[in-house]
Amino acid sequence: MAALGRLASRLAQTAAVVLVVSFVTYWMLSLLPSDPCFLSVGTGATEELLAECRQRLELDRGLLAQYGAWLANMLTGDLGESYRNGITVTESLGQKLPVTGWLVLYTTVLSAAVSLPLGLWSAVRRDTWVDRLISGGAFSLLALPSFILGVVLALVFAAKLRWFDLGGYVGPTEDLLGHWKSLLLPVVTLTAGIMPFFLRLLRSDVIATLQEDYVEAARAKGLPRRWILARHVLRPSSFTVVTVAGLNAAQLVNGALVVEIIYDLDGMGTYLISAVFNQDFLVVQTLVALIAAAFVATNMLVDAAYPLLDPRVREPKR
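Heads up: these notes are all about the structure in this document.

**Considering the overall build of the protein chain**
- Check the secondary structure of the protein chain and you find 14 helices and zero strands.
- In the protein chain, the succession of helices and strands from N to C terminus is α-α-α-α-α-α-α-α-α-α-α-α-α-α.
- Across the 318 residues that make up the protein chain, the buried fraction comes to 37%.
- The long-range share in the protein chain, meaning contacts at least 24 apart out of those at least 6 apart in sequence, stands at 73%.
- When the accessible area of the protein chain is evaluated, it comes to approximately 18200 Å², of which 65% is carbon and sulfur surface.

**Focus: the packing of aromatic side chains**
- As enumerated under the stated definition, the model contains six aromatic pairs in all.
- Plain terms: the ring middles of Tyr-26 and Trp-70 are 6.2 Å apart, the flat faces sit at 45° to each other, and that makes the pair tilted. Remark: Trp-70 occurs in helix α4 (residues 63–75) and Tyr-26 occurs in helix α1 (residues 2–30); sequence separation between them is 44 residues.
- Judged by relative accessible area, Trp-70 falls into the buried class, the value being 8%.
- Relative to Trp-163, the ring of Phe-157 lies with its centre 5.6 Å away and its plane at 45°, an arrangement referred to as tilted.
- Of the aromatic side chains, those joined through ring pairs into one cluster are Phe-23, Tyr-26, Tyr-67 and Trp-70.

Rules used throughout
Residues numbered from 1 in each chain as written. Predicted model: local features only at pLDDT ≥ 70, side-chain atom pairs only at ≥ 80, totals over all residues. Heavy atoms only, no water. Helix = DSSP H or I, 4+ residues; strand = E, 2+ residues; numbered from the N terminus. Buried < 20%, exposed > 50% of the residue type's maximum accessible area, 1.4 Å probe, protein only. Contact = heavy atoms within 4.5 Å. Areas by Shrake-Rupley, 256 points an atom, 1.4 Å probe, with all protein chains shown as cover. Phe/Tyr/Trp six-rings, centres within 6.5 Å; stacked < 30°, edge-to-face > 60°.

Laid out in C-alpha cells, this is it:
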C-alpha cells in the first residue's frame, strides 16, 4: 500500500506540473496579437467567416474556458489540427516523433556506452597520464558548442568526403544501414555535448566511492578488481549521473532541435520551429505539453531507479 501511495503521489505531482506548464504556455500564446482564424480562413476572409471560425475554434470564450476545452480534447486523444494546413497533430506526430525518438535513444545509449568505461578508467587511473588525457578530452568537448561541431561534421564527412548523405531521415524498416547512416552524425554531435558531462560526474563519484569502507573490505577479501568495480562501485556511483540524465532530458530535446535543422531531419524539433514561425499556436501548445509530460515522466523513472542502484535509499518497512 505504501508503494501505491508513493506512485499516486508522483502521478499527482506529474499531472500538476504538466497542467501548470501547459496553462502558462497557453496564457503566453494568448497574449500574442496574431489571430488563428486569419491563418485558418485566409487573408480574404470576411467578418462573418472569421466569427464562424472563432466560434468553431471556441476562441470567442474566456481564457479559462478555452484552456479547459483544449485540455478536455487532449485527455480524450484529440490533439487538434494545424491552423495552416488542417493536418491533425496526431498525423504529424506519427511521421516526426520516430525521428526524434530514435535520435534521443541512440544518443542516450552511445553516451552511456562511452562515458561509463571512460569514467571508470579515469577514476581508477586518477592523476595519471590516462586520467589527464581523458579529462582533457572531455573538457575540450564541453567547450565546443554542439551546433559548431554539427556544422563541421556535416561539411567534412558529408560535403567533402561524401561518406554520408544529408538527404534526411531513413526509417529502419526502409533500409537499416541507411537508417543508421542517416542518424550517425547527428547522434555523434549530440553525444559529444552530453557524454563528457556524464564522464566527469561519474569520475568524481567513483573516486569518492573507492574510498568507502565496504570497498576496502571487498579488496581485503581478495575479490577481483573488475568484480569490485562492477558490483560495489559502479551502481552507487551512478546516482548523480542518473539524476543529471533525467534533468538533462530537456537539454537533449533542445540539442535535437538544433541538430535536426543542421542535418535536415524532419523531426519534432523542426516541427516545433515551423509551428512557431508559422504562428500555428495550437501545435505549439500541444507540443509543449507533450514535451513537458515526457520530461516529468522521465524524472519519475529516474526516481524509481534509485532503489535499484542503491538499496540503502529504500524506505524502511514499518
